[in-house]
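Results of the structural survey
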Amino acid sequence: MRGNKYKILKKLGKGSHGTVVLAEDQETLQMVAIKRIRQQFCSYEESLSSRELQILRELHHPNIIALLDAFYEDGRLYLVLEYLESNLCDLLKKENRRLLSHGTSNRTQGMREDEIRLITSALLQGLSYIHKQGFVHRDLKPENILCSKTGAYGPVKIADFSLATQYCTDERHSPIRAMTGYVATRWYRAPELLLLNSPITAAVPGGRLDTKGLQEMNRFAPSADMWSLGVIFAELLLGYPIFPGKTEEQQLRLIAQVLGTPPIPEEIFHEANKRIIKSFNKQLFGSSLKPPPRVPFRYRVQSLM
Ligand code: ADP
Ligand code: MG
Ligand code: MG
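Small disclaimer: the values here were computed from a predicted structure and weren't measured. (Residues numbered from 1 in each chain as written. Chains lettered and ligands numbered in written order. Predicted model: local features only at pLDDT ≥ 70, side-chain atom pairs only at ≥ 80, totals over all residues. Heavy atoms only, no water.)

**Let's talk about the site of ligand 1**
In plain terms, the rule: Any residue with a non-hydrogen atom lying within 4 Å of a molecule or strand is treated as near it. Think of a polar contact as two N or O atoms within 3.5 Å of one another; within protein, one of them needs to be a possible hydrogen donor and the other a possible acceptor, and neighboring residues in sequence only count if both atoms come from side chains. Per-residue accessibility takes into account occlusion by the displayed protein chains alone, with areas from the Shrake-Rupley method and a 1.4 Å probe. Secondary structure follows DSSP: runs of H or I at least 4 residues long count as helices, runs of E at least 2 residues long count as strands, and numbering of each begins at the N terminus.
The full set close to ligand 1 counts 20 residues, and His17, Lys35, Glu82, Leu84 and Asp160 are the nearest of them. For ligand 1, an oxygen atom lies 2.8 Å from a polar atom in the side chain of Lys35. With respect to ligand 1, the side chain of Ser162 contributes an N or O atom lying 3.1 Å from an oxygen atom. Expressed as a share of its isolated accessible area of 550 Å², the protein-covered part of ligand 1 is 90%. At the level of elements, β1 (6–14), β2 (18–25), β3 (31–37) and β5 (76–82) are the ones that each hand at least two residues to the shell around ligand 1.

Put into structure tokens, the structure is as follows:
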């Protein structure tokens, strides 16, 4: 590949936007991850101005996966990325297995407190930088958070900028087109983004979610990332996902059901607030560019954290 510069070793993963392989840079012997962007997301003109490529080029931070190289070959765009061997999804699965093998129910205990603190801190720092650079990630979820085998004690980096966009106070004037297309994992998505690809227009039954208001919300605001971070944080704490919707509609219903009450049991929330959350307050509130307009439940998620 690319004049034999990269030797492909194995497939690492497949998402909705591309396939990722492990490769060795034959010159430096460095291991890299190469993401081949799916055809539909890379016509020739588009590949040259690919959003993921453009955004990754601007981001240089210890908590964000580094872009090492990019090339166009056989009608496809390839992104050469720094390689990390694990991700938060694997880490959570391993943790659940550990708890089960010790006879502890995975429904009552999440990750260790020191690990939660390290991971949350890394995510806050990465996100804060992304937002300060004027971007919004919009697809933060455990699969897209990479780490080494040492887990929370090694590097923790935000990856997958395929849905990222430029932060824009008025999306009608966004320099980048709004994203369309189906995204598989919905558990971590902010409600206003859930409605982006969904035909749901009627009010969600059983809840107080204002779907019309959501549809009018700015979907290019950093607050969508803060929602995902809150949902991930809750999962680290509890050991299970808090909004595991099977469809967009069920997802919105689950979210609507907990409006007004944090989806974390009172005692766990109280302890977490005392021991972890308080230390993050400053970072949390400093991480968004400014509070987005018309976001009634955004502050609930922030107070959930
Ligand atoms: P998509 O936009 O299609 O979801 P991702 O960028 O998330 O693509 O990559 C898909 C999967 O490939 C990830 O969930 C992860 O398991 C793996 N992967 C992606 N980038 C890397 C990397 N830099 N190092 C190791 N694995 C990676
Ligand atoms: Mg992904
Ligand atoms: Mg993606």
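There's plenty left to go through after this.
**Side note on a positive patch on the surface**
Heads up, the condition is: Patch membership requires more than 30% relative accessible area and the absence of a salt bridge. Residues of like charge join within 9 Å; the nonpolar side chains Val, Leu, Ile, Met, Phe, Trp and Tyr join within 5 Å. A pairing counts as a salt bridge when a side-chain nitrogen of Lys or Arg comes within 4 Å of a carboxyl oxygen of Asp or Glu. Within this scheme the basic residues Lys and Arg register as positive and the acidic residues Asp and Glu register as negative, but His and the chain ends are omitted. The atom standing in for a charge is NZ when the residue is Lys, CZ when it is Arg, CG when it is Asp and CD when it is Glu.
Taken together, the side chains of Lys11, Lys14, Arg36 and Arg38 define a basic patch exposed on the protein surface. Tracing the chain through its elements places Lys14 in strand β1.

**Some details on the coordination of the magnesium ion (ligand 3)**
Short version of the rule: Any N, O or S atom lying within 2.8 Å of the metal counts as a donor, with the limit raised to 3.2 Å for Na, K and Ca; because water is left out of the atom set, some sites can appear incomplete. Only protein chains enter the accessibility calculation, which uses a 1.4 Å probe; a residue whose area is less than 20% of its type maximum is buried, one above 50% is exposed, and one in between is partly exposed.
Distances from the magnesium ion (ligand 3) to its protein donors, Asp160 (OD), Asp160 (OD) and Ser162 (OG), fall within 2.0 to 2.3 Å. Between the magnesium ion (ligand 3) and the magnesium ion (ligand 2) the interatomic distance comes to 3.7 Å, and Asp160 is a ligand of both metals. Taken individually, Asp160 and Ser162 each receive the classification buried, so the pair is uniform in this respect.

**Here we look at the side chain of Asn87**
We apply this condition: The criterion used for residue contact is that any of the two residues' heavy atoms lie within 4.5 Å.
Position of Asn87 among the secondary structure elements: in strand β6 (residues 86–87). Classification of Asn87 by relative accessible area gives buried; the value is 16%. Here the side chain of Asn87 touches Cys89 through a polar contact of 2.9 Å, landing on its backbone nitrogen. Polar side-chain contacts of Asn87 include one of 3.0 Å to the backbone nitrogen of Asp90. Ignoring any residue separated from it by four or fewer positions in sequence, one finds Asn87 in contact with Pro142, Glu143, Ile145, Leu146 and Cys147.

By themselves, these observations are geometric and do not establish any function.
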